[in-house]
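# Fold and contact review
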Amino acid sequence: MKFFWIILSVICLLIASLFIGAVHIEPGQVLDALLRKGEDDAINFIILGSRFPQAMTALLAGAALAVSGLMMQTMFRNPLAGPSILGISSGANLGVALVMLLMGSSVTIGSLAFSGYVSIIIGAFAGSILIMGLLILLSTVLRNDLMLIITGVLIGYLTSSIITLLNYSASAHGVQSYIMWGMGTFNSVSLNQLPVFAIIVVIGLVLSLILVKPLNALLLGDDYARSLGIPIKTVRNLLLLATGILTAVTTAFCGPVAFIGLAVPHIARMIWRTDNHRVLMPATMLVGSAVALLCCIISVLPSAGIAPINAVTPLIGVPVILYVVIRRR
Amino acid sequence: MKTSIELKDVTTGYKNKPVTDNINAYLLAGELTCLLGPNGAGKSTLLKTLSAFIPPLSGEIILEGKNLKNITARILARSIAVVLTNRPSTMNMTVEELVAVGRSPYTSFFGALHAADKEVVDKSISLVGIDDLRHRNVNTLSDGERQKALIAKALAQQTQIIFLDEPTAFLDYPSKVEIMKLLYKIAKDEGKTIFMSTHDLELALQIADKIWLLDKTHGLHIGIPEDLAFRGLLGDYFERGGLRFNYSTGQFEIEHDKKGVVRLKGSGRLHDMVKKALKRIGYDSSPDAEGFVIEIRNEQDGHEYIECDGSALPSIESLVAKLRRQENL
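Residues numbered from 1 in each chain as written. Chains lettered and ligands numbered in written order. Predicted model: local features only at pLDDT ≥ 70, side-chain atom pairs only at ≥ 80, totals over all residues. Heavy atoms only, no water.

## Some words on the domain arrangement of chain B
- Splitting chain B by domain gives domain 1 (3-251) and domain 2 (260-328).
- Relative placement of domain 1 of chain B and domain 2 of chain B: their C-alpha centres are 46 Å apart. (Domains from an automatic or database assignment.)

Now the structure itself:
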């Protein structure tokens, strides 16, 4: 029943995000454009070339970030784990910065040639995997929840110091495009790039669904999981791979989108009241999509134009995190 | 009875740091075996070695005719189930879901439960007597209830052997008794091999089929409780300042500072209680000792009272108070 409502919400939000935008377009014209009957090229372009890929990107990126947050929370046994707070996004960030600023390309990902954005994805993937691996190593030493979070935040500072150095020596245009990317947007995947983005995200999501059973065993702790015949090392590596892929591809395309990965699994837990990943994994995906679409819609509401997505996500993320922290006290 | 697991010259420990040397022992099906020993004796290390969490430094552990180290994780998970001492931090799932995790070694890739699996889960829940808790969230259970749920999880694993690391720690006394009796019943009714470490010496002596005594100085001794008591081994392992093993009752007693002897005449329930109270405050008593005279009077109508110095005392407490006043003179 709860799944029915969340699927309905996702569909409604998806449709709403096609009809609501920075430019006012009559619903009839939107329908015409969608059915490819529209005669106004500008409107056709806005709907099919901008709003549709943006909505699909939000749908996929939201699910991807939320699911990687969920897997990190289970893996690190830490409710405050998530791609942005643990510095995984910063790692991807650094990878992207290295590619963007050092390759001398002075353009945003949206207009990069295929080889350009593939190298950005690879950069983001290498960066995020590097930080994840580092955290997994450290998590065997740092038993304390809080220590791991602090380490993640420190890693974030470290990467940003490197990025600052890179920025210092980069061209003005490169810096500007990098900063724009850093604000986060779901509007950066073009219709042509969408299939690539979608395929990579779906691979990551399928990989996550396969990990449902070991994730449930991991809830009891590593020793219990091992006694249940779960190959811990393999599972950790697969979790590393899945979260790496999902964080990297969304960060590469949409910038470091904050809070969705951290907050959405908690929203799903509040609604479904379970840690059972057989329920929680699909629930988190759907809530992630819904939240990302909602953020997307809110971001176009200001009359001045489109707000960066990272200006909106904290509005949803921060209250949820405060709630989790207060309730844990 | 069938030997389930056998240790041949096993030395337990971590990297070149042996904890217990040359263990030769076996566990029988249908028996509850308790591992007793002071903190730091190597109980947990032995359990971890038997569960294949850590390899033995030397020697062989034979499980159903095969060396433990050559058994695959999945087969091992169908042979040995564990209940660990550290409680899982947050367990936001129902008892039923937790017990179902015990089916992991049997379920397919996605962990879907078939009808047969559900039947095993139901049976396991019934066996430990927590049917009424099956839809409760594990986080809301008491320590004893959670321990039962974890035992049900171990049963759902359908293994011949169940290892439990201090399952009665953190429990109140009635729950300790309940858990021990439950484990005994499972050993007998289901023919399981149950091996548990515990600090609850007296309970273990009263209920276990076999006792393994382990400490740093004496090594490992195995036997039924009464043999170990008779051979004076229980005393060797546990007697220290103020704690003495009473060979006639087969129980440990606190040794009190001796203050003197009193003459106690009479018989009956009140007599026994007075004798106990006198012992607690440091007085030996006998009907023909020299000294302070206390007499228990039994009336025709069954009324009993204490007579001392020619006057009747209303309670044992007033007798104790009188003796204390006497001491201070």
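We are not done yet, so read on.
## Topic: the packing of helix α3 (residues 41-75) of chain A against helix α13 (residues 277-299) of chain A
All names here are of chain A.
- One way to put it is that α3 packs onto α13 with a least axis distance of 7 Å and a crossing angle of 135 degrees. One element, α3, and the other, α13, form an angle in the oblique class. In the crossing of α3 with α13, the sense of the turn from one axis to the other is right-handed. Residues Gln54, Ala55, Ala58, Leu59, Gly62, Ala63, Ala66, Val67, Leu70, Met71 and Thr74 of α3 form the contact with α13, whose participating residues are His277, Leu280, Met281, Thr284, Met285, Gly288, Ser289, Ala292, Leu293 and Cys296.
- Residue classes in the contact of α3 with α13 are distributed as 14 nonpolar, seven polar and no charged. (Axes fitted to C-alpha atoms, helices over the stretch in contact; angles between N-to-C directions. Helix = DSSP H or I, 4+ residues; strand = E, 2+ residues; numbered from the N terminus. Parallel < 35°, antiparallel > 145°, perpendicular 65-115°, else oblique. Left-handed = near helix turned anticlockwise from the far one by under 90°. Contact = heavy atoms within 4.5 Å. Nonpolar A, V, L, I, M, F, W, Y, C, P; charged D, E, K, R; others polar.)

## A closer look at the sheet that holds strand β17 (residues 311-313) of chain B
All names here are of chain B.
- The strand order across the open sheet built from five strands is β14-β13-β15-β16-β17, with neighbouring strands paired in mixed fashion. Taken across any chain shown, the strands that pair with only one partner, and hence form the sheet edges, are β14 (283-286) and β17. Strand-to-strand, the axes of this sheet are offset by a mean angle of 35 degrees, without reference to chain direction.
- Note that strand β16 (residues 304-308) and β17 share three bridges and pair antiparallel. Bridging from a neighbouring strand, Glu307 pairs with Ala312 of β17.
- Along the sheet face, helix α11 (residues 316-328) touches β13 (260-265), β14, β15 (293-298), β16 and β17 and points at about 15 degrees away from the line of β16. (Pairing = 2+ DSSP bridges.)

## What about unusual backbone geometry?
Residues and elements named next belong to chain B.
- Located in the positive-phi region is Asp9, a residue other than glycine, with phi close to 50 degrees.
- When you line up the elements, Asp9 lands in strand β1 (residues 3-14).
- We classify Asp9 as partly exposed; its relative accessible area is 43%.
- Backbone geometry places Gln158, a non-glycine residue, at a positive phi of 50 degrees.
- Structurally, Gln158 is set in the loop between α5 (143-156) and β7 (161-165). (Buried < 20%, exposed > 50% of the residue type's maximum accessible area, 1.4 Å probe, protein only.)

## With respect to the interface of chain B and chain A
- Contact with chain B, which involves 30 residues of that partner, is made by 21 residues of chain A.
- Carbon and sulfur atoms supply 59% of the area buried between chain B and chain A, which totals about 2200 Å² over both sides.
- Interface area lost by chain B to chain A is led by Phe53, Asn92 and Phe110 of chain B, which between them contribute 26%.
- Across the contact surface, chain B and chain A share nine residue pairs in polar contact (both at pLDDT 80 or more). (Buried area = accessible area lost by both parts, 1.4 Å probe. Polar contact = N/O pair within 3.5 Å; in protein donor to acceptor, adjacent residues only side chain to side chain.)

## A word on helix α8 (residues 194-210) of chain A
All names here are of chain A.
- Taking 1.5 Å as the rise per residue, α8 with 17 residues should run 24 Å; its terminal C-alpha atoms sit 24 Å apart, in good agreement.
- Turning to α8, its buried residues are Leu194, Phe197, Val201, Gly204, Leu205, Leu207 and Ser208. The buried residues of α8 all sit within an arc of 170 degrees when viewed along its axis, so they share a single face.
- In this fold, the buried residues of α8 make contact with α3, α9 (212-218), α11 (232-254) and α13. (Expected span 1.5 Å × (residues − 1). Arc of directions from axis to C-beta.)

## Here's the deal with the sheet that holds β1 of chain B
Residues and elements named next belong to chain B.
- Here four strands make up an open sheet; going across it, the order is β2-β1-β4-β5 and the pairing antiparallel. The outermost strands of the open sheet, each flanked by one partner alone, are β2 (17-28) and β5 (66-67).
- Across the face of the sheet, helix α1 (residues 43-50) comes into contact with β1, β2 and β4 (58-63) while running at roughly 125 degrees to β1.

## Quick word on the environment of Gly144 of chain B
All names here are of chain B.
- Looking at the element boundaries, Gly144 is found in helix α5.
- On the basis of relative accessible area, Gly144 is assigned to the buried category, the value being 12%.
- Between the C-alpha atom of Gly144 and that of Ser175, which follows or precedes it by 31 residues, the distance is 5.9 Å.
- If near-sequence neighbours (up to four positions away) are discounted, Gly144 is found in contact with Leu171 and Ile179.

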